[in-house]
Amino acid sequence: MDPSAAAHSSSKIDQLYPDAQKSYYTLLRHRFLLLRSTLRCSPPAEAISALDHAHPISLPRNALSAHKEWRRLLLAVDPQMVQLACMDTDSVLEVLELLARMMSDVVRSEDTERVRRIGAWAWGLLGKSREVGELATEDVGTIRNLGKRAATILRKIQETENNRFQEEEDSDSRVSDLEEMAQLDMQDKHVDEIKEEG
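These numbers come from a predicted model, not from an experiment.

Some words on the overall build of the protein chain
Piece 1. Helix and strand counts for the protein chain come out as nine helices and zero strands.
Piece 2. Counting from the amino terminus, helix and strand elements in the protein chain follow one another as α-α-α-α-α-α-α-α-α.
Piece 3. For the protein chain, restricting intrachain contacts to residue pairs at least 6 apart in sequence, the fraction spanning at least 24 positions comes to 78%.
Piece 4. Here the protein chain displays about 13,700 Å² of accessible surface, and carbon together with sulfur accounts for 55% of that area.

Rendered as structure tokens:
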């Protein structure tokens, strides 16, 4: 299949249930807008002071040890709303860039807990990021890169899902063919028995 065509094709399930997909998208969009407005509020001081070392609020661009620690945290610790709300734009974009580089490996690992956690981080960080019109070109590129990687992963998942769906259909078809052949064999035997008796 042509990769560009695959990127624009929907899964078999989406084709079978388009209204469900549209409703899901609408609900998801509303939840994202709610998240975005919540993260723009300033958290209470006591909630901020309750953040521990496993929930940092910054990631300096050139701090290699901080990058290493964030890589570990993204896989091991769920984000907290207070943590996300306290993060500055540069840190959000830096963590998004780090997350984009980790996504493929996490999805390939098939560790559902890590996949869920990476998704929660991406969701929260995107909710905290500023609108596209408020970002520099380089910053928009960071978010676009994350989106491209996510789309590639989604396309591969859909291809796998479509292949599995097709294999199931083919398998069902083969079973039906085998059942039909068995019935024909039974009919032939029955006809042969009648001929032998006659």
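Let's pick the thread back up.
Examining the environment of Ala120
Piece 1. As for its placement among the helices and strands, Ala120 is situated in helix α8 (residues 112–128).
Piece 2. Residue Ala120 is classed as partly exposed on the basis of its relative accessible area, which comes to 24%.

Some details on helix α7 (residues 89–109)
Piece 1. Helix length check: α7, at 21 residues, gives a terminal C-alpha distance of 30 Å against a target of 30 Å (1.5 Å per residue), a fit within 8%.
Piece 2. Most pronounced at Met102, the bend in α7 amounts to some 40°.
Piece 3. Among all positions in α7, only Ser91, Val92, Leu93, Glu94, Val95, Leu96, Leu98, Leu99, Ala100, Met102, Met103 and Val106 are buried.
Piece 4. By the N-cap criterion, in which a side-chain oxygen at the helix start approaches the backbone nitrogen of a residue two or three places on, α7 is capped by Asp88, the distance to Asp90 being 3.2 Å.
Piece 5. Note on α7: the residue one or two positions beyond its end, Glu110, has a positive phi of about 60°.

Remarks on helix α3 (residues 18–39)
Piece 1. Taking 1.5 Å of rise per residue, 22 residues should cover 32 Å, and α3 covers 32 Å from first to last C-alpha, within 8% of that figure.
Piece 2. Those residues of α3 that fall on the buried side of the exposure criterion are Leu35, Arg36 and Leu39. Down the axis of α3, the buried side of the element spans an arc of 95°, and every buried residue falls inside it. Across α3 from its buried face, at more than 90 degrees, point the exposed residues Asp19, Lys22, Leu27 and Leu34.

A word on unusual backbone geometry
Negative phi values dominate among residues other than glycine, just as trans dominates among peptide bonds.
Piece 1. Positive phi outside glycine occurs at Glu110, with the angle close to 60°.
Piece 2. Relative to the assigned elements, Glu110 resides in the loop between α7 and α8.

Digging into a nonpolar patch on the surface
Piece 1. The grouping of Tyr24, Leu28 and Trp123 at the surface amounts to a nonpolar patch, some 280 Å² of accessible area in total.
Piece 2. Among the structural elements, Trp123 can be located in helix α8.
Piece 3. Residue Trp123 is classed as partly exposed on the basis of its relative accessible area, which comes to 32%.

A closer look at the environment of Gln83
Piece 1. When you line up the elements, Gln83 lands in helix α6 (residues 81–86).
Piece 2. Separated by 35 residues in sequence, Gln83 and Ile48 have C-alpha atoms that sit 7.5 Å apart.
Piece 3. Residues in contact with Gln83, not counting those within four places in the same chain, are Leu51, His55, Pro56, Ile57, Trp70, Asp78 and Trp121.

Describing the pattern of salt bridges
Piece 1. In the structure shown here, the tally under the stated rule is 11 salt bridges.
Piece 2. Between Arg72 and Glu69 there is a salt bridge, with the nearest N and O atoms lying 2.7 Å from each other. In this pair, Arg72 and Glu69 are both assigned in helix α5 (residues 64–76), three residues apart and thus about one turn of the helix distant.
Piece 3. Across the pair Asp78 and Arg116 runs a salt bridge, and its minimum N-O distance is 2.9 Å. With Asp78 in the loop between α5 and α6 and Arg116 in helix α8, this residue pair connects regions lying 38 residues apart in the sequence.
Piece 4. Given the relative accessible area of 31%, Asp78 is considered partly exposed.
Piece 5. Each of Asp78, Glu113, Arg116 and Arg117 takes part in a single network of salt bridges with overlapping partners.

What counts and how
- Residues numbered from 1 in each chain as written.
- Predicted model: local features only at pLDDT ≥ 70, side-chain atom pairs only at ≥ 80, totals over all residues.
- Heavy atoms only, no water.
- Helix = DSSP H or I, 4+ residues; strand = E, 2+ residues; numbered from the N terminus.
- Contact = heavy atoms within 4.5 Å.
- Areas by Shrake-Rupley, 256 points an atom, 1.4 Å probe, with all protein chains shown as cover.
- Buried < 20%, exposed > 50% of the residue type's maximum accessible area, 1.4 Å probe, protein only.
- Expected span 1.5 Å × (residues − 1).
- Bend = angle between axes of the 7 residues up to and from the residue.
- Polar contact = N/O pair within 3.5 Å; in protein donor to acceptor, adjacent residues only side chain to side chain.
- Arc of directions from axis to C-beta.
- Patch = residues over 30% accessible without salt bridge, like charges linked within 9 Å, V, L, I, M, F, W, Y side chains within 5 Å.
- Salt bridge = Lys/Arg side-chain N within 4 Å of Asp/Glu carboxyl O.

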